[in-house]
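As a plain string of letters, each chain reads:
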Amino acid sequence: MTAKIIQTDVLIIGASASGLMCAIEAGKRGRKVIILDHASKAGKKILISGGGRCNFTNYHISAENYISHNPHFCKSALSRFTQWDFIAMLNDYQIPFHERDHSQLFCDNSAKDILNMLLAECEKSKVNIQLNCEINQIRQQEKGGFTIETSRGQFRSQSLVIATGGLSIPRMGATPLGYKIAEQFGHPVWPTSAGLVPFTLQPQDKEKFSELSGIAIDSMVSNERIQFRENILFTHRGLSGPAILQISSYWQAGETISINLLPDLDLIEFLIQRKTTQANVKLKTVLGEILPKRLAITLLGQKSLDKTLQALSHRCIHDIAQQLQHWQIKPNGTEGYRTAEVTCGGIDCNELSSKTLESNKVAGLFFVGEVVDVTGWLGGYNFQWAWSSGWCAGQVV
Ligand SMILES: Cc1cc2nc3c(=O)[nH]c(=O)nc-3n(C[C@H](O)[C@H](O)[C@H](O)COP(=O)(O)OP(=O)(O)OC[C@H]3O[C@@H](n4cnc5c(N)ncnc54)[C@H](O)[C@@H]3O)c2cc1C
């Protein structure tokens, strides 16, 4: 008996943000599209994103919000399918959404609204989604096109789109398949690392700061290359919160980061001024006005805090400002892919067309979404990249 062979125009591996968007667009052009995914459900990451409300894009999207070895690469796709185009899709489906800090857009109800919209569009475009499908082998056919051996039989197509995402959250179905396919076809792949991820601390710091677990404070977090102003959060494992997640994507192992816990204040001037007017007041009382008490105790020690302001020398005031506004901390590492929101690195953009996401090396092979070496900041940027890159490939596959 001969095995079943399924012939189609476009095969997409990965039924999530970028793969679904690509399928919708290709289907609209009359292309016969099949999506293969080993997961039991499409769009699992969409459903868990943004705390279940999916931060699906941002009012302000620019190449500066993305990290890549080729910082210009993302510009073309982001300008061809913009945040406004995606918002228009939501409006067509009357999906309610709202804006949060930093122009981030979230669903009012649930991330399900986004996934249901994408699945409805796939249905309109007659896209066939095959779930629980293991990919075993991929071959390029001699006369062009691809053959894919799977647990659901053999598929053949003219175009093949890799939309398998990054390595973050393996329990949600993340695998390195996309990078392996790139390597198989001779595509360079940049080393990957966890991005938008909490820091773990050196053992002595972990012990010291774990009692602050739950404290969140608006801070400026910086390294030599970039700075972010948002909350940091102390956890029982280390440091998290949006400012930490942002800088984690720019962090290199062994690097020290600097944290300003009072970014709006000239602390030296503040303390000198208070010293002249409230000389007999204790430092802990004055700092209690501007910092959580437990944090001040942990960073400065009870002995310093019990001093009155008049007992503080000029040198001592500078030291306090140094501790609180240039707090230097060397993370032990990150929590890794287990909790990371994204994967930095990936398929080298220099071997892809920035307009279509097609491989320069293999005609008909496309890479879209997070598998590509384009990593967005926290704030809806990663989904916008998935929508934009998927849309671009969908115009030509
Ligand atoms: C907890 C969390 C919250 C997030 N929140 C946000 C947010 O609010 N806003 C934002 O912009 N970004 C957010 N992100 C990032 C965003 O989810 C991703 O950047 C985006 O989903 C990438 O889309 P993608 O289609 O490229 O890949 P993915 O969404 O990762 O999809 C890849 C698909 O490929 C399939 N696949 C993988 N390997 C195989 C294989 N071997 N065989 C078959 N199929 C395979 C997977 O099952 C999956 O369906 C969040 C990420 C996480 C983990």
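Residues numbered from 1 in each chain as written. Predicted model: local features only at pLDDT ≥ 70, side-chain atom pairs only at ≥ 80, totals over all residues. Heavy atoms only, no water.

1. Description of the overall build of the chain
When helices and strands are counted, the chain shows 14 helices and 21 strands. Across its three principal axes, the chain shows a C-alpha extent of roughly 90 × 40 × 35 Å. Sorting the 397 residues of the chain into buried and exposed places 55% on the buried side. Contacts in the chain between residues at least 24 apart in sequence constitute 72% of all its contacts with a sequence separation of at least 6. (Helix = DSSP H or I, 4+ residues; strand = E, 2+ residues; numbered from the N terminus. Buried < 20%, exposed > 50% of the residue type's maximum accessible area, 1.4 Å probe, protein only. Contact = heavy atoms within 4.5 Å.)

2. Topic: the packing of aromatic side chains
By the definition in use, this model includes 16 aromatic pairs. Ring geometry for Phe209 against Trp327: centres 5.1 Å apart, planes inclined by 55°, an arrangement best described as tilted. In this pair, Phe209 is assigned in helix H7 (residues 203–209) and Trp327 in strand E17 (residues 327–329), connecting sequence segments 118 residues apart. Assigned by exposure class, Phe209 and Trp327 land together as buried. An aromatic cluster of three or more residues is present, and its members are Phe56, Phe86, Phe97, Phe383 and Trp387. Between the NZ or CZ atom of Arg100 and the centre of the ring of Phe106, over which it lies, the distance is 3.7 Å. (Phe/Tyr/Trp six-rings, centres within 6.5 Å; stacked < 30°, edge-to-face > 60°. Lys NZ or Arg CZ within 6 Å of the ring centre and 35° of its normal.)

3. A word on helix H6 (residues 177–184)
Those residues of H6 that sit buried are Gly178, Tyr179, Ile181 and Ala182. Along the axis of H6, the buried residues cluster in a sector spanning 160°; they form a single face. For H6, exposure combined with an orientation more than 90 degrees from the buried face picks out Lys180 and Glu183. Tucked inside the fold, the buried residues of H6 contact strand E1 (5–13), strand E8 (135–140), strand E10 (153–162), strand E11 (189–195), strand E19 (342–347) and strand E20 (365–367). (Arc of directions from axis to C-beta.)

4. Some words on the pattern of salt bridges
For the structure on display, the rule yields 12 salt bridges. Close ionic contact of Glu335 with Arg237 constitutes a salt bridge, the shortest N to O distance being 2.8 Å. Here Arg237 lies in the loop between strand E14 (227–234) and strand E15 (238–240) and Glu335 lies in the loop between strand E18 (331–334) and E19, a separation of 98 residues in the sequence. (Salt bridge = Lys/Arg side-chain N within 4 Å of Asp/Glu carboxyl O.)

5. Section: helix H11 (residues 293–300)
Among all positions in H11, only Leu295, Ala296, Thr298, Leu299 and Leu300 are buried. The positive-phi residue at the C-terminal boundary of H11 is Gly301, with phi of around 90°.

6. What to know about the environment of Ala393
Here Ala393 shows up in helix H14 (residues 381–394). When the C-alpha positions of Ala393 and Leu357 are compared, they lie 5.8 Å apart, and in sequence the two are 36 residues distant. Ignoring anything within four residues of it in the chain, the contact list for Ala393 reads Cys22, Thr356, Phe366 and Val368.

7. Considerations on the pairing of strand E13 (residues 216–222)
Where E13 and E14 come together, seven bridges link them in antiparallel fashion. Across the sheet, the residue bridging to Ser222 is Gln227, located in E14. Turn length for the E13-E14 hairpin, with the two strands adjacent in sequence and antiparallel, is four residues. Looking at chain direction, E13 and strand E16 (residues 257–260) are connected through three bridges and run antiparallel. Paired with Met220 across the strands is Asn260, a residue of E16. (Pairing = 2+ DSSP bridges.)

8. So, the sheet that holds strand E5 (residues 97–100)
The sheet built from three strands is open, its strands ordered E3-E6-E5 with antiparallel pairing. The open sheet terminates on both sides in strands that have one partner only, identified here as strand E3 (55–58) and E5. Averaged over all pairs of adjacent strands, the angle between their axes in this sheet comes to 30°, without regard to strand direction. Where E3 and strand E6 (residues 104–107) come together, three bridges link them in antiparallel fashion. The residue of E6 that forms the bridge with Thr57 is Leu105. Relative to E3, helix H4 (residues 83–92) is tilted by about 135°, and along the sheet it contacts E3, E5 and E6. (Axes fitted to C-alpha atoms, helices over the stretch in contact; angles between N-to-C directions.)

9. Focus on the packing of helix H9 (residues 267–277) against helix H13 (residues 314–325)
Packed helices, taken two at a time, are described by the angle their axes make and the gap between the axes. Where H9 contacts H13, the two axes come as close as 9 Å, and the packing angle between them is 140°. Comparing the axis directions of H9 and H13 gives the class oblique. For H9 against H13, the interelement crossing comes out right-handed. Where H9 abuts H13, its residues Leu267, Ile268, Leu271, Ile272 and Lys275 lie against His314, Ile317, His318, Ile320, Ala321, Leu324 and Gln325. Taken together, the residues of the contact of H9 with H13 break down into eight nonpolar, three polar and one charged. (Parallel < 35°, antiparallel > 145°, perpendicular 65-115°, else oblique. Left-handed = near helix turned anticlockwise from the far one by under 90°. Nonpolar A, V, L, I, M, F, W, Y, C, P; charged D, E, K, R; others polar.)

10. So, the packing of helix H1 (residues 17–28) against helix H5 (residues 112–124)
Interhelical geometry of H1 versus H5 gives an angle of 30° and a closest axis separation of 9 Å. Considering the angle they form, H1 stands roughly parallel to H5. Two packed elements cross with a definite hand, and for H1 against H5 that hand is left-handed. Together, Leu20, Ala23, Ile24 and Lys28 of H1 and Leu115, Leu118, Leu119, Glu121 and Cys122 of H5 make up the contact between the two elements. Considered class by class, the residues forming the contact of H1 with H5 number seven nonpolar, no polar and two charged.

11. Some words on the sheet that holds E18
Read across the sheet, seven strands follow the order E17-E16-E13-E14-E15-E12-E18 without closing on themselves; strand pairing throughout is antiparallel. Only two strands of the sheet have a single neighbouring strand rather than two, namely E17 and E18. Recorded for the sheet is a direction-independent mean angle of 40° between the axes of neighbouring strands. Of the pairings in the sheet, the one linking E16 to E17 comprises three bridges and is antiparallel in character. Bridge pairing in E17 places Ile257 opposite Ile329.

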